[in-house]
Amino acid sequence: MNRSSFLDSDEVRRVYQRRAKRYDVAANLYYLIGFPERRYRRAAIAALALVPGDTVVEVGCGTGLNFSLLEREIGPSGRIIGVDLTPEMLSVARDRIRRKGWENIDLVESTADAFEMPQGVDGILSTFALTLEPRYEAVVQRGASALLPGKRLVLLDLRLPTNWLRHVAPLFVFLVRPFAVSREVAMRRPWEAVRRHFRRFSYQSLYFGFSYIAVGEAPTFESSSTTESKET
């Protein structure tokens with residue numbers, strides 16, 4: 001029996017190398033337990049507040065499930081930089097790009113912490129990925145430095161709830177374990193790194209506290225410190 005805790009990038013890489021070709025189908029199975037993944041992805045991308053011509057970095061882009069949603073926001077004059085640690089996932093993403101005829105997407109094979117974030121970007125997105133990176137703090141910190149004033153970093157990810165549903169955490173971990181999530185991984189708190197490195201921060205709890213969207217906005221000359229939180 002595999003009892004890996006998925007605490008390092010090599011363990012995570014092996015999981016996604018095996019799952020790359022079936023990842024899209026497997027991800028959609030969570031609709032069977034009422035987890036509206038696509039709606040949450042749309043909400044996260046809307047929170048980026050992108051406009052046509054923007055450049056956005058997606059950390060942990062996987063097979064490119066978010067690309068069509070991002071393309072609608074930035075248009076053909078914009079640019080997407082997709083970063084993932086496995087060539088197998090990027091191969092599926094490359095096939096998606098070819099089928100759709102997109103010409104404004106660059107793919108980079110790298111762990112999130114080793115990726116050299118380009119300066120002056122308009123958005124940074126990570127969906128169900130940054131929790132898998134042990135050095136997420138450094139990723140968020142570099143992201144905060146790379147964004148243009150007023151632009152945003154958005155995380156959509158999983159977490160363990162702190163309400164009474166924490167008692168069903170073992171079942172939750174069992175359900176998401178095929179995606180390299182152990183209890184130790186689920187206990188990581190990347191949204192707190194966003195809170196630390198951005199003056200403007202908001203947090204939205206999703207799916208009874210098992211998921212969330214965290215938004216950090218780079219300061220402008222006029223901005224002041226703001227923290228918001230809400231439950232859905």
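Whatever comes next refers back to the structure up there.
Thresholds, definitions, all that
Residues numbered from 1 in each chain as written. Predicted model: local features only at pLDDT ≥ 70, side-chain atom pairs only at ≥ 80, totals over all residues. Heavy atoms only, no water. Patch = residues over 30% accessible without salt bridge, like charges linked within 9 Å, V, L, I, M, F, W, Y side chains within 5 Å. Areas by Shrake-Rupley, 256 points an atom, 1.4 Å probe, with all protein chains shown as cover. Salt bridge = Lys/Arg side-chain N within 4 Å of Asp/Glu carboxyl O. Helix = DSSP H or I, 4+ residues; strand = E, 2+ residues; numbered from the N terminus. 1 Å grid on protein atoms, 1.4 Å probe; cavity = no way out; pocket = protein on both sides within 12 Å on 5 of 7 lines; lining within 4 Å. Points joined across faces, edges and corners; volume = space filled by probe spheres on them. Nonpolar A, V, L, I, M, F, W, Y, C, P; charged D, E, K, R; others polar. Buried < 20%, exposed > 50% of the residue type's maximum accessible area, 1.4 Å probe, protein only.

1. What about a nonpolar patch on the surface?
Consideration 1: A surface patch of nonpolar side chains, amounting to about 700 Å² of accessible area, comprises Leu29, Leu32, Ile33, Val168, Leu171, Phe174 and Leu175.
Consideration 2: For isoleucine 33, the location among the structural elements is in the loop between helix 2 (23–28) and helix 3 (37–47).

2. A word on the layout of surface pockets
Consideration 1: Volume-wise, the largest pocket comes out at about 420 Å³.
Consideration 2: In terms of lining, the largest pocket is formed by 24 residues, of which the most central are Tyr30, Phe35, Leu158, Phe172 and Val176.
Consideration 3: Broken down by element, the residue count for the lining of the largest pocket peaks at 4 residues, all from helix 7 (residues 169–176).
Consideration 4: Class assignment for the residues of the lining of the largest pocket results in 21 nonpolar, 1 polar and 2 charged.

3. As for the pattern of salt bridges
It is possible for side chains bearing opposite charge to pair when their charged atoms get close.
Consideration 1: All told, the structure shown has 12 salt bridges when counted by the stated rule.
Consideration 2: For aspartate 10, the salt bridge identified is with arginine 13, shortest N-O distance 2.7 Å. With aspartate 10 and arginine 13 both in helix 1 (residues 9–19) and 3 residues apart, the pair spans about one turn of that helix.
Consideration 3: Look at arginine 13 and you get partly exposed, because its relative accessible area is 21%.
Consideration 4: Put simply, arginine 41 and glutamate 37 hold a salt bridge, and the shortest N to O gap is 2.5 Å. Taken together, the residues arginine 41 and glutamate 37, both in helix 3 and 4 residues apart, mark about one turn of the helix.
Consideration 5: For arginine 41, a relative accessible area of 4% corresponds to the buried category.
Consideration 6: Look at glutamate 37 and you get buried, because its relative accessible area is 7%.

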